[in-house]
Amino acid sequence: MSLLHHAVRQDPFAELSRFRGEVYSCLTRRADALFELADAVLCADGPARSLVELSLVGEHRRGHGGLYDALAAGRMEVARLRRALAAVPLPRAADGRLVLAADITCWLRPDAHTSPQRILCHTYGRGKDQHIPVPGWPYSMICALETGRSSWTAPLDALRLAPGDDAATVTAGQMRELIERLVSAGQWHHGDPDILIVVDAGYDVPRLAFLLRDLPVQVLGRMRSDRVLRRAAPPREPGTRGRPHRHGGEFVFGDPATWNTPDAQTLTETRLYGAAAARAWDRLHPRLTHRSAWTAQLGTLPVIEGTVILLCVERLPSGATPKPVWLWWSGTDATTAQVDLLWQAFLRRFDIEHTFRLFKQTLGWTCPKIRTPEAADRWTWLILAAFTQLRLARPLAADLRRPWEKPAPTDRLTPARVRRDFRHLRPKATCPAGAPKPSRPGPGRPPGRKNTRPTPRHDVHTARKTGITKPKAKKSTSPRPRRTG
C-alpha cells in the first residue's frame, strides 16, 4: 500500500469523498436520481417514513416520479459496490482480528400479492411465545463488529434468499466471496489471526465450519440446549477386530452427568451480568446422518470436531431469569484466555441487531411498498451505502443532541446522532450528481380507459414435502435430546 493511500485514509473527509465517488461510479442508469435518493435518506430531519416524503427533502432535487422510476428502472454494479465496501477501513477486535457477524433479517410483505419470490419468514414478538410465519423477503447480511459496547457495525454484504435456498449453504458462499474480497483489498494478510465468524442458533454451525474449512476463518455460534454431541473415538485396543469406532460417548447438553470435568473454565466479573462462568470441553462433534442438508453428501460423512463452551451468568439487565448459553467453536485446545475472548465476541454479535433496527426504523429500509425484488435489492444496497457514509462521517460529526438528551463524547456518537449532522457535512464532501433537467410529466392513461393488463399475482413459496402427510403431533414440553445433526 502506497504512502499516498495511507495519507488519504487518515483524512476523514477525503475518505468520505472517495467512497461517495465510488458509489456514484457504481450507478450505471438513473445514477443522479439514485445518488440523490441516498442523500435524502441521510439528510432527512426525522425517520424516513416513505419514498414520496424523501422526495421533499432539499437534497433531493427531483420529483417523486423520478424517484420511483430510479428504483424501478435504475441499474447499479453490485459487484463493484461490494468491492468498495470491502476497501473502506474496518473495525477490529481487541487482538486485531476481523470479527464478522452473519444474520438473516426479513423485509415483511404480507399484503404484496403482486410481488414475486416471497418466502414465509419467521417473526418473533408478534404473539405470546409464538413464532408466526409472515410472507416477505429474507436478506442475509454480514457485518464487521467493533470491540467494546457500541451500536456501530460495518455492513459489508447483503443477499436476498431465493425460494428453496438453504441458509447455511447460501451464507457459506456469501462469506467465501466476502473473505476473498477482503484479502484482495488488503484487509487480511498471511500471518494475521484467523477471521472469526459469529452466528446465532439459526445456523448449522458445524456445517458452516465444514463448508469454510479451506479459508483462514474460525466459526463460533450458539447451539440449542437440547443437542447431543459425541466425544472423540477411544483409541483402538490391540487385537480388536471389526470396523473401528467413529464416535465416542455422548455429551448431552441437558444431562450434567455426561459432561465430566471441563478442559478449561473461567470466572469473570461483569458490570451488566454479574459473575459470568464459562466452561469448555474440547473435541466434541455432532453425529451426522445422510438427511436434511447432508443428503447430497456422498460417502462417509465427516467428523467435525470443535470446542463446546457453556456460559452461565448471574443476572440479566432486563431482570429475567438467565438461561445457560451453549456455544460451539470450530477450533480445538482452547485456553482460558481464548474461552473468555470467544464468549465475549459472541455477545458482541448482538450489535448487529442495532444496525437492523436503524435500517428499519430510522433509514426506512422496509418502508417503501416496492413491487419487484430487483427494486428491493437496489434499495437495500442504497441503504448499505448510506450507512457506510455515516460510519465514515463518524469522526467529523458534531453532537446535535436534543434538549432532553445527555451529552456524548465525539467518539461515542450513535449512528442516529451522526445522521443529524450529515446535512452540514455533505456540502464539504464530493457531490457528483448533476442537476435535474426540466421535463414534463407523461400523458398517462387516457381518462375513462380501463387497465387492460392487470398485474399478475404470485403465491408465497412454501417448502413442499413428498410422501404421505401425517397429522402434526402436539409439541412436547420436554422434548427428547437431538442425537443427530
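Structure first, text after, so check above.
Participant: Just to check I follow, could you spell out the pattern of salt bridges for this structure?
Facilitator: Any two side chains of opposite charge can pair, so long as their charged atoms come close to each other. The full count for this structure, using the stated rule, is 29 salt bridges. Notably, a salt bridge pairs Arg80 with Glu22, separated by 4.0 Å at the nearest N-O pair. One end of the pair, Arg80, is in helix α6 (residues 78-87); the other, Glu22, is in helix α2 (residues 12-26), with 58 residues separating them in the sequence. Classification of Glu22 by relative accessible area gives partly exposed; the value is 26%. The salt bridge partner of Asp39 is Arg426, with a shortest N-O separation of 2.9 Å. Separated by 387 residues along the polypeptide, Asp39 in helix α3 (residues 31-43) and Arg426 in the segment after α12 (415-425) bring together distant segments of the chain. Within this structure, Asp103, Asp200, Arg222, Arg349 and Glu353 form a network of salt bridges that share partners.

Participant: Help me understand the packing of α6 against helix α11 (residues 373-392), please; the structure alone is not making it clear to me.
Facilitator: To characterise two packed helices, one gives the angle between the axes of the helices and the distance between these axes. Between α6 and α11, the least distance of the axes is 11 Å, while the angle of their chain directions is 20 degrees. When the interaxial angle is binned, α6 and α11 end up roughly parallel. Remark: the crossing between α6 and α11 carries left-handed chirality. Note on element contacts: α11 touches α6 through Trp381, Leu384 and Thr388, opposite Val78, Leu81, Arg82 and Leu85. Here the contact of α6 with α11 is composed, by residue class, of five nonpolar, one polar and one charged.

Participant: Looking at this structure, how should I read the environment of Arg279?
Facilitator: Here Arg279 lies in strand β12 (residues 274-285). Linking Arg279 and Leu267, residues twelve residues apart in sequence, is a C-alpha distance of 8.9 Å. Apart from residues no more than four positions distant in its own chain, Arg279 is found in contact with Trp259, Pro262, Ala264, Gln265, Val308, Ile309, Leu310 and Cys312.

Participant: Would you mind showing me how to read the side chain of Glu146 here?
Facilitator: On the secondary structure map, Glu146 appears in the loop between β5 (131-145) and β6 (153-160). In this structure Glu146 comes out as buried when scored by relative accessible area, which is 16%. Of note is the side chain of Glu146, whose polar atom sits 3.2 Å from the side chain of Ser150. Of the polar contacts made by the side chain of Glu146, one reaches the side chain of Arg394; its length is 2.6 Å.

Participant: Even after reading the chapter, I still don't get the side chain of Thr153, so can you show me in this structure?
Facilitator: Here Thr153 lies in strand β6. A distance of 2.5 Å separates polar atoms of two side chains, one belonging to Thr153 and the other to Thr355. The contact partners of Thr153, leaving out residues within four places of it in the chain, are Cys143, Ala144, Leu145, Asp351, Ile352, Thr355, Phe387 and Arg391.

Participant: What's the story with unusual backbone geometry in this structure? I'm lost.
Facilitator: Trans peptide bonds make up the majority, and among non-glycine residues the majority have a negative phi. One non-glycine residue, Arg30, lies in positive phi territory at about 55 degrees. Arg30 sits in the partly exposed class, given a relative accessible area of 33%. The backbone phi angle of Asp333 is positive, close to 55 degrees, even though this residue is not glycine. Relative to the helices and strands, Asp333 resides in the loop between β14 (325-329) and α9 (336-348).

Participant: What's the story with the packing of α3 against α12 in this structure? I'm lost.
Facilitator: The geometry of α3 relative to α12 is characterised by a closest axis approach of 8 Å and an angle of 125 degrees between their N-to-C directions. The pairing of α3 with α12 is recorded here as oblique in orientation. Across the interface between the two elements, Val41, Leu42 and Cys43 of α3 pack against Arg419, Phe422 and Arg423 of α12. Of the residues assigned to the contact of α3 with α12, the class counts are four nonpolar, no polar and two charged.

What counts as what
- Residues numbered from 1 in each chain as written.
- Predicted model: local features only at pLDDT ≥ 70, side-chain atom pairs only at ≥ 80, totals over all residues.
- Heavy atoms only, no water.
- Salt bridge = Lys/Arg side-chain N within 4 Å of Asp/Glu carboxyl O.
- Helix = DSSP H or I, 4+ residues; strand = E, 2+ residues; numbered from the N terminus.
- Buried < 20%, exposed > 50% of the residue type's maximum accessible area, 1.4 Å probe, protein only.
- Axes fitted to C-alpha atoms, helices over the stretch in contact; angles between N-to-C directions.
- Parallel < 35°, antiparallel > 145°, perpendicular 65-115°, else oblique.
- Left-handed = near helix turned anticlockwise from the far one by under 90°.
- Contact = heavy atoms within 4.5 Å.
- Nonpolar A, V, L, I, M, F, W, Y, C, P; charged D, E, K, R; others polar.
- Polar contact = N/O pair within 3.5 Å; in protein donor to acceptor, adjacent residues only side chain to side chain.

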